[in-house]
Amino acid sequence: MSAVEPVKVSVIFYSATGNVTALARQIAAAAEKQGAEVRLRRIAELAPREAIDSNPAWAANHDAIAEIPVATADDVDWADAVLVGSPTRFGNIASQAKQFLDTLGGLWFQGKLAGKVYSGFASASGKHGGNESTLLALYNSFHHFGGIVVAPGYSNEILFANASPYGVSHWNGSDIDETTLAAAGAQAERVVETAAALKAGRAALAA
């Protein structure tokens, strides 16, 4: 990475009760440790305040992440690699996350979403609550973007321990354990390494 500019990574997430927030923070920190320039961005909340206040965990997370800038299309345009996180909603991404992706149509039309590295992460309250289908649904958009999807697979022991080849997933509805946090960091490293290799290769071709 010394021969070219640092990889630019946007970590963009929607989180209700805080589990996806924790994963996003871990991923952002790991990407920075790898030498990437990172933007941590939250997807705007669409639910009314009365709905948020009806769930203490939702209200607490909503207030705790208020200082994180809201994601915009520019955060995707700027990045070499984009990681998107969402809780599951009936086996799909949350409506807030889908609404954000739908705002990227202008960039898509201009071809500005193509060729970037993309990856996803998720959280559900149950072990079979839809994490895998949520990530696969998210990746449908990345394929339409013309993106390069980098899933963690079982590429090392840390990722194997999380047992989620599509993207790091949290499922028990309580505090995230160290195994999952370690896997989130390893996924970020894999994304940065891939984006760095692509960036270096493109710079060499352009030289």
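Nothing here was measured: the structure is a model prediction, and the numbers come from that model. (Residues numbered from 1 in each chain as written. Predicted model: local features only at pLDDT ≥ 70, side-chain atom pairs only at ≥ 80, totals over all residues. Heavy atoms only, no water.)

### A short note on the pairing of strand S1 (residues 8-13)
In terms of residue burial, S1 counts as a mostly covered element, since 5 of its 6 residues are buried. Pairing analysis gives 6 bridges linking S1 to strand S2 (residues 37-42), with the strands arranged parallel. Counterpart to Ser10 in the pairing with S2 is Arg39. Handedness of the S1-helix H1 (residues 19-33)-S2 crossover: right-handed. Sheet analysis places S1 next to strand S3 (residues 81-89), joined by 5 bridges and oriented parallel. Among the inter-strand pairings, Ser10 is bridged to a residue of S3, identified as Val82. (Buried < 20%, exposed > 50% of the residue type's maximum accessible area, 1.4 Å probe, protein only. Helix = DSSP H or I, 4+ residues; strand = E, 2+ residues; numbered from the N terminus. Pairing = 2+ DSSP bridges. Right-handed = clockwise from strand over helix to strand, strands pointing away.)

### Comments concerning the pattern of salt bridges
All chains considered together, the criterion is met by 8 salt bridges. In this structure, Arg41 engages Asp75 in a salt bridge whose closest nitrogen and oxygen atoms are separated by 3.2 Å. With Arg41 in strand S2 and Asp75 in helix H4 (residues 73-78), the pair connects residues that are 34 residues apart, well separated along the chain. Asp75 carries the same exposure label as Arg41, and that label is buried. We note a salt bridge from Asp102 to Lys98, for which the minimum N-O separation is 2.8 Å. Of this pair, Asp102 and Lys98 both sit in helix H5 (residues 95-102), separated by 4 residues, roughly a single helical turn. Look at the salt bridges and you will find they share partners, linking Arg39, Arg41, Asp74 and Asp75 into a network. (Salt bridge = Lys/Arg side-chain N within 4 Å of Asp/Glu carboxyl O.)

### Details of H5
Where H5 is concerned, the buried positions are Gln96, Ala97, Phe100 and Leu101. End-on view of H5: buried residues confined to an arc of 140 degrees, all on one side of the axis. Looking at the packing, one finds that the buried side of H5 touches S1, H4, S3, strand S4 (92-93), helix H6 (105-109) and helix H7 (131-145). (Arc of directions from axis to C-beta. Contact = heavy atoms within 4.5 Å.)

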